[in-house]
Amino acid sequence: WFEAKMAKVTPATTTAEGGWEPPSKDKAIQFRELHHPRLKDENGVTRPYPLSTSPKEFAAMGSGIALYYESLRFLTGLFFLMFLISMPGLLVMVFSSPEDITKTESAIEPLKALTVGNIYYGHDQTNSTSEGDWRGCDPNLNTCRLCVGSVCQEFEEDYVAIAVSALDCLYTIVYLLGVFYLSRRQIKRVNEIDQATLSAADWTVEVRDLPLDVEKAGEVMEYFSKFGDVVNVAIGRSDGAIIRTFHKRHLLEQKRDREVARQQRGSSNAAAVEKLNTQLTQMDAKIERLRSKRANQKSHAAFVTFNDESSYLACLKAFNGGCCSRMCISQNQKFRKKYALKVIRAPEPTDLLWENLEFGTLQRFLRRCITTTLSILILLVSVVIVVAAKSFKEQGTQKANECAVMAGSQRAACHLDTVILTPQQYEPIIADIEAMPPSNASLCAACVCTNLQASAPNLYASSIAVFFPAVYGTDGFCTQHALFFGIQIAAIASIFIINTSVRFLMVKFSHFERHHWLSQREASSAMSIFILQFFNTGLITLLVFSQIDEVKAGLASAASSAASAAESGQDVTEFTRYFPIFAGPYQDLTPKWYAVVGTSIIMTVFLNAFIPMVPVFVTGLKKALAGLRPQPLLQEELNERYLGPELQIAQRYGLVLSTVFVCLLYSSGIPILLLCASVTFGIMYSVEKLLLLRVYRTPPQYNDTIARLMVKCLPYAGIMHMLLGLWIYSARGTFPRPLLSPEIQKYADELLAQAKPGTQEYQLLVTYNIPARLFNWVVFPMFILLLLSAMGLLLPKLMAALCGGLLRSNKVGDGEGLPPYRDALAAHKISGIPNYELTSNRNYKGVFSAKNQQDDVPV
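Residues numbered from 1 in each chain as written. Predicted model: local features only at pLDDT ≥ 70, side-chain atom pairs only at ≥ 80, totals over all residues. Heavy atoms only, no water.

## Brief notes about the sheet that holds strand S4 (residues 143–148)
Through backbone hydrogen bonds, the strands of a sheet pair up, either in parallel or in antiparallel fashion.
Reasoning step 1: Spatially, the three strands line up as an open sheet ordered S3-S4-S5, and their pairing is antiparallel. The open sheet terminates on both sides in strands that have one partner only, identified here as strand S3 (136–138) and strand S5 (151–156). Within the sheet, the average angular offset between the axes of one strand and its neighbour, ignoring direction, is 20 degrees.
Reasoning step 2: Sheet topology note: the S3/S4 ladder contains three bridges and is antiparallel. Across the sheet, residue Asp-138 finds its bridge partner in S4, namely Thr-143.
Reasoning step 3: Of the strands in this sheet, S3, S4 and S5 touch helix H5 (residues 157–196), which is tilted by about 85 degrees from S5. (Pairing = 2+ DSSP bridges. Helix = DSSP H or I, 4+ residues; strand = E, 2+ residues; numbered from the N terminus. Axes fitted to C-alpha atoms, helices over the stretch in contact; angles between N-to-C directions. Contact = heavy atoms within 4.5 Å.)

Now the structure itself:
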């Protein structure tokens, strides 16, 4: 398929024979109309899709695009329904709020009214001066008092807790059933799309495990002609190097043409053009060398297009089956009576990555092993950096809170109420702080420097001695504060830098894996991006703020052995100061955890809901600044400027999955996150649909690979939701634990009596008391639901892995009643690229000379 194109490469010495011609705006507009999503009527007139177009009508752009928008719309409704089911529980949380809930230390702390922690927040003290005026649930009274304004109603605490947990189980069941329905709906939608649209893939099969020495397409055509009329055979060879060389040549030719245009306008010299022509000549020589070696290049795949659907189906049925079926076929049925071929449905032409076909199964597996190992290492490094960054941020917040709550004589001693504007006011304060004990002086210095930073920035800057020891002197008084403040800023910036860098690397890794299909590559990128975002958004919060003494001590021991710490006097907890995994202030998900951490999660998820709107603002900004950009010199550059950006479907799916997992993970204790997820998906659907129909270029015809991968991941979000839900509903200081039977408490007491006080086993029983936390009417129903869900999810996969690997077969079906391929091609009924010739693929056309783009190889 390269012969026609290779024979007509424009020589490097022939440069713009007719002289430079300014680019045409009309041609650029025509190019945009050709490469943007458009509807075509019976007369061949194109027009933009109406904004009211439903996802079902996106079928012409491929099943992957249609399924993406349908999934967004479905998830919007599903999470809104789940939010409605959780509404009674959310009202219990809101009606437990004190009247003065807005009078808090933090601006976002009132959001705790939307969490489970609000029900028990301050239950050990009244919320007003009146002894009987309290709200929420008081475990001492086993009573919950819910108020709307001044009207209050009391309920038994056990019933309130069981009702909230039952509602959680109900919307979890709705979620799991919704995911099951979505998976079945996707299968049905793919079949409907296949029936509604015609593409070259409807008549084409992909042939793998060909002999490496297949040279002519005629041999393959002759073999498959026993199934019916074969229209065309395209063979994929080891042409990755040629494709990459042509791509480099195309970029170099663009650069040469740009210099020619500048030369004719008087802004460039002939030497620059001559140098580029020389480089083009060298590139053409390299192409000729690669071309001369093509006769000995290996064949890796073939794409066989039949004229009749019946022939296509007969071919698939003949090769349908697993490894055993291929090994058991007769010798006469084998290719060259020797090779058992593997035949599958072909992807869409634009979904095919020709340059990667030369990489076999083993090579791609080894590459995936490498990228997986590197991804895990990079993820661990990013987690370390982000955890440390959050730790520094929290230390700064803690110091600011200490300064804010400082009162009385200590506040007066630190001169915090003094507005410092001149050095004369500054120097006496330094002398007073220097005379304090070191612990008091450190806190006072930090508070004074914070005030000085706001009131007198110039004086604050003069008090920093970055290159000298941080001593309490006039030249370096605020050095320590400035360094810590700089570390805080760097820590916050590092989170963004790490996320962006790792996301970039994950995309590069998916390219390195050399997938044969673009859909497979995008699916790999989406999974990597999802894991990154989920860790940094959802899991690191638990790592930083939760306290598990056993893990904390283990990390400290790993950093410094107890013996060396005892000899040097080093504190074994010093490691967790800078890397505080499970070394936070909360041993359980207490009401205070929701007031501090839960509110932060709500704000993070709420702000993430507006991330999908960023492309709209970026597009508007680019259009506003278009007049400031230099005018393009080449028609191709002007075409590219009129062409919209590509739909980054991998990043979009990564955001969808991370939103589902984060919101479901914490929704037992923060049910408002269900509404946040619904709003996020609703915004994504509306904004992405607008961008697709008015801004984005026509995307490749992705298949359903990435959509099916997303649906396979969704049930695990429900599993993680129930696992954390067990912790939330059994946490100390929140819900009661009405045991299923008194025998459970007796069993727990027996275990405690058998354990030796002071041992780790004894401490675990006292701290967590697993029997009482698990076997009670609040938690046990969710535990049973978790077991049933895990069995329903894992057993089919286990059976398929054990029994289906060798005997697996794909259902072929009875066909769709398609017209002959040649008739559909003549009637222009085939959407997308009508054949599998590489030079017909718009993703590869650009790598060849513009003058030769009309010389495509015919079908």
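Moving on, there is more to tell.
## Considerations on the confidence of the model for the protein
Reasoning step 1: Averaged over the protein, the pLDDT score is 76; the fraction of residues at 70 or greater is 72%.
Reasoning step 2: Mean pLDDT values over the elements of the protein span from 38, in helix H1 (residues 3–6), up to 92, in helix H3 (residues 63–94).
Reasoning step 3: Note on residues 1–18: pLDDT is under 50 here. Beyond four places in sequence and across chains, it has 58 contacts.
Reasoning step 4: Every residue in residues 565–575 is under pLDDT 50, and counting partners more than four places away or in other chains gives nine contacts. (pLDDT = per-residue confidence, 0-100.)

## Structural notes on the sheet that holds strand S8 (residues 299–306)
Reasoning step 1: A sheet is described by the order of its strands in space; here four strands give the open sequence S7-S8-S6-S9, paired in antiparallel fashion. Lying at the two open borders of the sheet, with one neighbouring strand each, are strand S7 (230–237) and strand S9 (342–345). The sheet shows a mean angle of 25 degrees between the axes of neighbouring strands, taken without regard to direction.
Reasoning step 2: Both S7 and S8 contribute to a ladder of seven bridges, which runs antiparallel. Note on S8: the bridge partner recorded for Ala-234 is Phe-303.

## What about the environment of Ser-52?
Reasoning step 1: Structurally, Ser-52 can be placed in the loop between strand S2 (46–48) and H3.
Reasoning step 2: Note: C-alpha distance between Ser-52 and Lys-689 (637 residues apart in sequence) is 9.5 Å.

## Some details on the state of the cysteines
Reasoning step 1: Overall, the coordinates contain two disulfides when judged by the stated rule.
Reasoning step 2: There is a disulfide in this structure between Cys-137 and Cys-144, and the S-S distance comes to 1.8 Å. Classification of the bridge connecting Cys-137 and Cys-144 rests on its S-S torsion, roughly 105 degrees, and on that basis the disulfide is right-handed.
Reasoning step 3: Taking the relative accessible area as the measure of exposure, Cys-144 reaches 0% and is therefore buried.
Reasoning step 4: Two residues, Cys-147 and Cys-152, share a disulfide whose sulfurs are 2.0 Å apart. Given an S-S torsion of about 110 degrees, the disulfide between Cys-147 and Cys-152 has right-handed geometry. (Disulfide = S-S within 2.5 Å. Buried < 20%, exposed > 50% of the residue type's maximum accessible area, 1.4 Å probe, protein only.)

## What to know about the nonpolar core
Reasoning step 1: Judged by nonpolar contacts, the single largest core of 126 residues is most densely connected at Phe-79, Tyr-175, Trp-354, Trp-593 and Tyr-666.
Reasoning step 2: Counting residues per element, this core draws most heavily on H3, which supplies 16 residues.
Reasoning step 3: Discounting residues that sit within four places of it in the chain, Trp-593 has contacts with Leu-542, Phe-545, Tyr-586, Asp-588, Gly-598, Ile-601 and Tyr-666.
Reasoning step 4: Judged by nonpolar contacts, the second largest core, of 22 residues, contains Leu-210, Val-220, Phe-224 and Ala-302. (Core = buried A, V, L, I, M, F, W, Y, C linked by side-chain atoms within 4.5 Å.)

## Some details on the pattern of salt bridges
Reasoning step 1: Taken as a whole and assessed by the stated rule, the structure comprises 18 salt bridges.
Reasoning step 2: Among the ionic pairs, Glu-33 bridges to Arg-38, the shortest N-O distance being 2.8 Å.
Reasoning step 3: Residue classification places Glu-33 among the partly exposed residues on the basis of a relative accessible area of 27%.
Reasoning step 4: Of the charged contacts, one joins Asp-213 and Arg-336 as a salt bridge, the two residues approaching to 2.8 Å between their closest N and O atoms. Taken together, the residues Asp-213 in the loop between strand S6 (204–208) and helix H6 (217–224) and Arg-336 in the loop between helix H10 (323–327) and S9 connect sequence positions 123 residues apart.
Reasoning step 5: Here the salt bridges share partners, and the residues they tie into one network are Arg-249, Glu-253, Arg-256, Asp-257 and Asp-284. (Salt bridge = Lys/Arg side-chain N within 4 Å of Asp/Glu carboxyl O.)

## Observations regarding the environment of Ala-234
Reasoning step 1: Following the sequence through the fold, Ala-234 ends up in strand S7.
Reasoning step 2: A C-alpha to C-alpha distance of 9.7 Å links Ala-234 and Glu-206, two positions 28 residues apart in sequence.
Reasoning step 3: Discounting residues that sit within four places of it in the chain, Ala-234 has contacts with Ala-301, Ala-302, Phe-303, Trp-354, Tyr-836 and Glu-837.

## Notes on the pairing of S5
Reasoning step 1: Note that S4 and S5 share six bridges and pair antiparallel. When the bridges of S5 are listed, Val-148 appears paired with Val-151.
Reasoning step 2: Here S4 folds back onto S5, and the loop between the two strands holds two residues, one of which, Gly-149, carries a positive phi near 70 degrees.

## Remarks on the packing of aromatic side chains
Reasoning step 1: What the rule picks out here adds up to 25 aromatic pairs.
Reasoning step 2: When the ring of Tyr-49 is compared with that of Phe-58, the centres are 6.4 Å apart and the planes differ by 85 degrees; the resulting orientation is edge-to-face.
Reasoning step 3: Among the aromatic residues, those joined into a cluster by ring pairs are Tyr-49, Phe-58, Tyr-68, Tyr-69, Tyr-653 and Tyr-685.
Reasoning step 4: Against the face of Phe-512 rests Arg-367, its NZ or CZ located 4.3 Å from the ring centre. (Phe/Tyr/Trp six-rings, centres within 6.5 Å; stacked < 30°, edge-to-face > 60°. Lys NZ or Arg CZ within 6 Å of the ring centre and 35° of its normal.)

## Quick notes on unusual backbone geometry
Negative phi values dominate among residues other than glycine, just as trans dominates among peptide bonds.
Reasoning step 1: In this structure, Asp-209 takes a positive phi of about 60 degrees despite not being glycine.
Reasoning step 2: Within the secondary structure layout, Asp-209 lies in the loop between S6 and H6.
Reasoning step 3: If you check the backbone angles, His-828 has positive phi at about 55 degrees while not being a glycine.
Reasoning step 4: Topologically, His-828 is positioned in the loop between helix H31 (821–826) and helix H32 (842–845).

## Remarks on the packing of H3 against H5
Reasoning step 1: The interhelical angle for the contact between H3 and H5, taken along N-to-C directions, is 165 degrees, at an axis separation of 10 Å. In terms of their interaxial angle, H3 and H5 are classed as roughly antiparallel. The interaxial crossing formed by H3 with H5 has right-handed handedness.
Reasoning step 2: Of the residues that constitute the contact of H3 with H5, the class distribution is 21 nonpolar, six polar and four charged. (Parallel < 35°, antiparallel > 145°, perpendicular 65-115°, else oblique. Left-handed = near helix turned anticlockwise from the far one by under 90°. Nonpolar A, V, L, I, M, F, W, Y, C, P; charged D, E, K, R; others polar.)

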